[in-house]
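Next come the chains, spelled out residue by residue.
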Amino acid sequence: MLTLHRAERAGTLAAALADVLSEPLPDAFVPEIVSVPARGVERWLTQRLSSVLGAPDGDGIAANIEFPSPARLVARTISEVDGIDPDDDPWSHSRVLWTALSVIDDCRTEPWAAVLSKHLGSGSDDHRVGRRWSTAAHIAELFRAYGSQRPQMLRDWRAGRFTDGLGQELDDDLTWQPRIWSLVRERIGSPSPAERLPDTCSTLRSEPNAVDLPSRLSVFGPTRLTADQLDILHALAHHRDVHIWIPHPSPSMWSTLADVPAATRRRDDVTALAVEHPLLASLSRDVRELQATIGSIADHTVHHEGPGPTRTLLGTIQSDIAGDEVPSHATTVGDPALADGTVQIHACHGPARQVEVLRESLLHLFADDPTLEPRDVLVMCPDVETYAPLIRANFGQATLVHPGHRLRVRLADRGLRRTNPVLDVVATVLDFSEGRVTASELLDFAASGPVRQKFSFTDDDLERLREWVATSGARWGLTVRQRESFGLNNFRQNTFKSALDRILLGVAADESGNDYLDLALPLDDVDSNDI
């Protein structure tokens, strides 16, 4: 059975999830499956569950729980049912990319591929030919998204019908996509995941033991679920208890939209006009779409009541949203009685100052409320990579004297390139293959931790490299190969190869006589011990 749980607060959902998990599975050694959309949600949920599970006094433990993402959970299910290892799947993104690249090369001169031909140009001398790989990567990603969001469209393409998956024909300027997909499908020679999806769901319904999953699954806090994920979860619910937990801000909005049919196209979605509160109309599109999609397949819906709103400015706003009411007069014109600090706006002149003000505000909150702990605080920002170094500098530096430096923080949802220096080096090398490779980029690469450690670069060595780059005239391009796409393939001056020639010649000669060797002038003041 598929049960949809909703509440206005995530904490209420976490408490209800803990009640479900407190009932052990038939086999105590089988791990629970709680799918979460991000690692940050996993850490927060683990903390909340550990305060409930295992002990009645709030000091328990959360163990033997797996937290895969919805995409990974569905991919695991499909892999076990179809018997195809994800690493060997011919429809994996990397393999589809290279197949699409070969198809593009073979058919871009066809009349029906005029859109591709115009984008990629014609002939090896055209600067647009360098777009081949990025174009193939984009097409491969499109096909992956189509298979997840509109699997019926790909099944129609396989049947020779160039539709949008909803019964309407594609526009003429889009018909090259099903032709490219058909050629890719022909070269791969095996059904795509979208084609296999109906049989996979049928197997899950008829053979519950076809997949090694426990009898109870949970999906906590999804912001959206794709069509194939919903189909798989619905099929799993035929023999298992599947619980989906979504934070929903307004019971009133849920009731209003309960009988509104789901729109097949976003441009046809008029649910924003059915709600009264301006924040619900402008910011709740994802949750409205989630209600329409999951609500149509859920066997049972449960609303978990949370604590009532308090008589504060924040509580008043929450009450208005929950009741889908036009903001009250007090919150729109300002009631002095509600100026209690529960909602604050700080005007700061930049990210660095924002983090400083955040630190001071948190210290005041901890001082005013002894029961408040750092683990109860969640800080959200629009670009975590921009704020990460600033947060590191203002928090968690126990050796410094400011009280804020004793506050420990954890940064979630950071990119792998930021958390894994070796992976960042590999990705940078790949970027060099299709970039200009400027002097600043190469010097930053040499100064990165893994490269410095590998080649034992000291600070003096890096400074010497900077001097050589400046005096040798290196500007951009390892060789003339990086300049071909800019029409400068016959101009090798100011490349790093020409700079290296000057440095090596400088060991045997100097530039005092201005004697060129071929096109290279020896660089002065280069000692053999420097090489």
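In this text the structure is predicted, and so the values were computed from the model without any measurement.

Rules and cut-offs
Residues numbered from 1 in each chain as written. Predicted model: local features only at pLDDT ≥ 70, side-chain atom pairs only at ≥ 80, totals over all residues. Heavy atoms only, no water. Helix = DSSP H or I, 4+ residues; strand = E, 2+ residues; numbered from the N terminus. Buried < 20%, exposed > 50% of the residue type's maximum accessible area, 1.4 Å probe, protein only. Contact = heavy atoms within 4.5 Å. Areas by Shrake-Rupley, 256 points an atom, 1.4 Å probe, with all protein chains shown as cover. Lys, Arg positive; Asp, Glu negative; His and termini not counted. Charge placed at Lys NZ, Arg CZ, Asp CG, Glu CD. Salt bridge = Lys/Arg side-chain N within 4 Å of Asp/Glu carboxyl O. Pairing = 2+ DSSP bridges. Core = buried A, V, L, I, M, F, W, Y, C linked by side-chain atoms within 4.5 Å. Phe/Tyr/Trp six-rings, centres within 6.5 Å; stacked < 30°, edge-to-face > 60°. Lys NZ or Arg CZ within 6 Å of the ring centre and 35° of its normal.

S.K.: Help me out: how do you make sense of the overall build of the chain in this one?
M.R.: Scanning the chain for helices and strands turns up 23 helices and six strands. Seen through its C-alpha atoms, the chain measures out along the principal axes to roughly 85 × 70 × 55 Å. Looking at the chain as a whole, 36% of its 531 residues qualify as buried. For the chain, restricting intrachain contacts to residue pairs at least 6 apart in sequence, the fraction spanning at least 24 positions comes to 65%. Looking at the chain as shown, the accessible area adds up to about 30,500 Å², and 53% of this sits on carbon and sulfur atoms. Of note, the chain has its 53 positive side-chain charges centred 3 Å away from the centre of its 77 negative side-chain charges.

S.K.: Explain the pattern of salt bridges here, please?
M.R.: Side chains carrying opposite charge are able to pair once their charged atoms draw close together. For the coordinates displayed, the defined rule picks out 20 salt bridges. With a closest N to O distance of 3.5 Å, R76 and E66 form a salt bridge. Of the two residues, R76 sits in helix α3 (residues 70-82) while E66 sits in strand β3 (residues 65-66), which places them ten residues apart along the sequence. For E66, a relative accessible area of 33% translates into the label partly exposed. In this structure, R266 engages E289 in a salt bridge whose closest nitrogen and oxygen atoms are separated by 2.9 Å. In this pair, R266 sits in the loop between α11 (251-257) and α12 (278-283) while E289 sits in helix α13 (residues 285-295), placing the two residues 23 residues apart along the sequence. With a relative accessible area of 47%, R266 lands in the partly exposed category. Bridged by salt links that share partners, the residues E66, R76 and E80 form one connected network.

S.K.: Any chance you could explain the sheet that holds strand β6 (residues 300-303) here in plain terms?
M.R.: Within a sheet, neighbouring strands are paired by backbone hydrogen bonds and run either parallel or antiparallel to one another. The six strands are arranged β3-β2-β4-β5-β1-β6 in an open sheet whose pairing can be described as parallel. Every other strand in the sheet has two partners, leaving β3 and β6 as the edge strands with one partner each. Pairing between strand β4 (residues 216-220) and strand β5 (residues 241-247): five bridges, direction parallel. Residue pairing for β5: R216 is matched across the bridge by D241.

S.K.: Can you help me understand helix α14 (residues 313-322) in this one?
M.R.: A turn of α-helix holds 3.6 residues, and therefore any two residues three or four places apart point the same way. For α14, the complete set of buried residues consists of L313, G315, T316, D320 and I321. At the C-terminal side of α14, D324 shows a positive phi close to 50°.

S.K.: I tried to follow the nonpolar core on my own but got confused; where do I start?
M.R.: Most often, soluble globular proteins have nonpolar side chains that are buried together. Core analysis: the biggest nonpolar cluster contains 29 residues, and I232, L233, L236, V242, I244 and I294 have the highest contact counts within it. Residue assignment for this core shows that the elements contributing at least two residues are β1 (2-7), α3, α9 (193-206), β4, α10 (227-236), β5 and α13. A per-element tally of this core places α10 first, with five residues. Ignoring any residue separated from it by four or fewer positions in sequence, one finds I232 in contact with V74, T77, I78, L197, T200, C201 and L204. Core analysis: the next-biggest nonpolar cluster, separate from the first, contains 27 residues, F143, W157, L170 and A194 among them.

S.K.: Is there a simple way to explain the packing of aromatic side chains in this structure?
M.R.: Two aromatic rings, taken as a pair, are described by how far apart their centres are and by the angle between their planes. Counted under the stated rule, the structure contains six aromatic pairs. Both rings, one in W44 and one in F220, keep their centres 6.4 Å apart while their planes meet at 35°; by these two values the pair is tilted. On the criterion of sequence distance, the pair formed by W44 in helix α2 (residues 39-50) and F220 in strand β4 is long-range, its members being 176 residues apart. Judged by its relative accessible area of 27%, W44 is partly exposed. For F220, a relative accessible area of 2% translates into the label buried. Centroid distance Y146 to W157: 5.8 Å. Interplanar angle 85°. Geometry classified as edge-to-face. Of this pair, Y146 sits in helix α6 (residues 132-149) while W157 sits in helix α7 (residues 151-158); the two residues are eleven residues apart in sequence, bridging distant segments of the chain. The burial state of Y146 is the same as that of W157; both residues are buried. In this structure an aromatic cluster arises from ring pairing among W91, Y146, W157 and W181. Sitting over the ring of W476, R436 keeps its end group 4.3 Å from the ring centre.

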